Each structure stands twice: as C-alpha cells, then as structure tokens.
Amino acid sequence: MRVSKEQAAENRRRVVEVASALFRERGFNGIGVADLMKEAGLTHGGFYGQFASKEDLAAEACAHAMEVAAERWRVSAETKGDEALTALLDSYLSPRHRDRSAAGCPIAALAIDVARQGGVARSAFTRGLRPFLDGLSRLVPGRSVEAKRRAALTTLSEMVGALILARAVDDPALSEEILEAARASLGRPPGKPQDGDA
C-alpha cells in the first residue's frame, strides 16, 4: 500500500524524533532498527524506504536533537536576560536533567557514541555543536571575542563532562556532589538547582 508524500514525510519526521530520544537514552547501538521502528509505530520494512542506513538516521536524529536543544538554549537566553547563564547552569546541572537523558542535552548523551561513528554522524554533531558555543559566547564574561570563545569552550566542556559523570556513577550522593561541584566551579553557589530542561 502506497502512502502519500505528506504521510511519508510525517512518518520520516516521527522516526527521526523517536530515534533522537532513543539514541540519547540508549546510544546508537542500544536499539536496533526493528525496535526503533516499532517505537515509532511503523513497520521495520519501511525503514529503508526512508533512510539509506542506520548511520544516516543517526546523523539526522543527532542533527534534530542538537537543533531542538540549541533553540531551547536560545529562547531561554532571550527570556532570562542577565540571568540567562545562571538559569542555564542551574537547569543543565540539575538532578532532573541528569535523570532525563532521552529529553536532555544531546551533546552529553551522544558525544561518546558519535566519536565512534563515521563521517555523517560526526559532521552532524560538529555542525550542531557550533550554535551552543556561539550562544554561550554571548553569555559568558570576557574582554574580547577570543576570551569569550575560550570561556564558552571551557564552560560547555565542564557542563557536559559533569553531566556525563553524574549519569555514569551508581552512587546518588556522588552524582549530586559532581553536579554541585560543577555548579560551584562555574560560579553558582552550592544549593538546590532549578529543575528544568537544559
């Protein structure tokens, strides 16, 4: 049974959105094509009519996740004004964000998997990373464009590293200590962060 171009586009969009969440939650190798398509409510046979390979889907899902998250950061920065960096740190380095990898930052969730992938996924990740750095460069202190760029690179690296470590350990107290130490290192006093989606 043939589907309309509109339905095919909607099916593709749904697969990319589902893959984006599942890849962040389970990793690229943590779910197969058949299970992914089932989660999207479609049959396995339709996959190769939509995508050339699982790697191509991984690249598209990565790009999608990065675009959505970067837009969230941009909107937050615009609405929070002078408190944008503080709000971002509190949200990003929170237990809620740590516990919701499928809906959270694709940088922290996908970086390790992307490093093991071929060119298309890595290229999508690299393109997707740039808006995060550009946005942070506008929020961090610095006397020059170069100083702000270095501060943005350092800040993002510490945020992502702390989140990865906090997710990896099996000791809840250590996990919270990691998040709190990163918040403090980045200029936030110890205490309960705001809950939110980073």
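Residues numbered from 1 in each chain as written. Predicted model: local features only at pLDDT ≥ 70, side-chain atom pairs only at ≥ 80, totals over all residues. Heavy atoms only, no water.

Q: Before we go on, may I ask you to explain the nonpolar core in this structure?
A: For soluble globular proteins, nonpolar side chains are generally found buried alongside one another. By size, the foremost hydrophobic cluster in this structure holds 49 residues, and its most contacted members are F23, L57 and Y92. Sorting the residues of this core by element identifies helix 1 (5–26), helix 2 (33–39), helix 4 (54–80), helix 5 (84–92), helix 7 (106–115), helix 8 (119–139), helix 9 (145–168) and helix 10 (172–185) as the ones contributing at least two each. Per-element accounting of this core gives the leading share, eight residues, to helix 4. (Core = buried A, V, L, I, M, F, W, Y, C linked by side-chain atoms within 4.5 Å. Buried < 20%, exposed > 50% of the residue type's maximum accessible area, 1.4 Å probe, protein only. Helix = DSSP H or I, 4+ residues; strand = E, 2+ residues; numbered from the N terminus.)

Q: Is there a simple way to explain the UniProt feature "domain: HTH tetR-type" (unreviewed entry) in the protein chain in this structure?
A: Taken from the UniProt record, the annotation "domain: HTH tetR-type" (unreviewed entry) applies to residues 9–69. Between the end C-alpha atoms of residues 9–69 there is a gap of 22 Å, over a span that is 74% helix and 0% strand. (UniProt positions renumbered as here; feature names shortened; annotations may be inferred.)

Q: Even after reading the chapter, I still don't get the pattern of salt bridges, so can you show me in this structure?
A: Close approach of charged atoms lets side chains of opposite charge pair. Tallying each qualifying case throughout the model produces ten salt bridges. Two residues, R149 and D134, come together in a salt bridge whose shortest N-O distance is 3.9 Å. With R149 in helix 9 and D134 in helix 8, this residue pair connects regions lying 15 residues apart in the sequence. Judged by relative accessible area, R149 falls into the partly exposed class, the value being 35%. By relative accessible area, D134 is classed as partly exposed at 37%. Among the charged side chains, a salt-bridge network with shared partners connects E10, R13 and E17. (Salt bridge = Lys/Arg side-chain N within 4 Å of Asp/Glu carboxyl O.)

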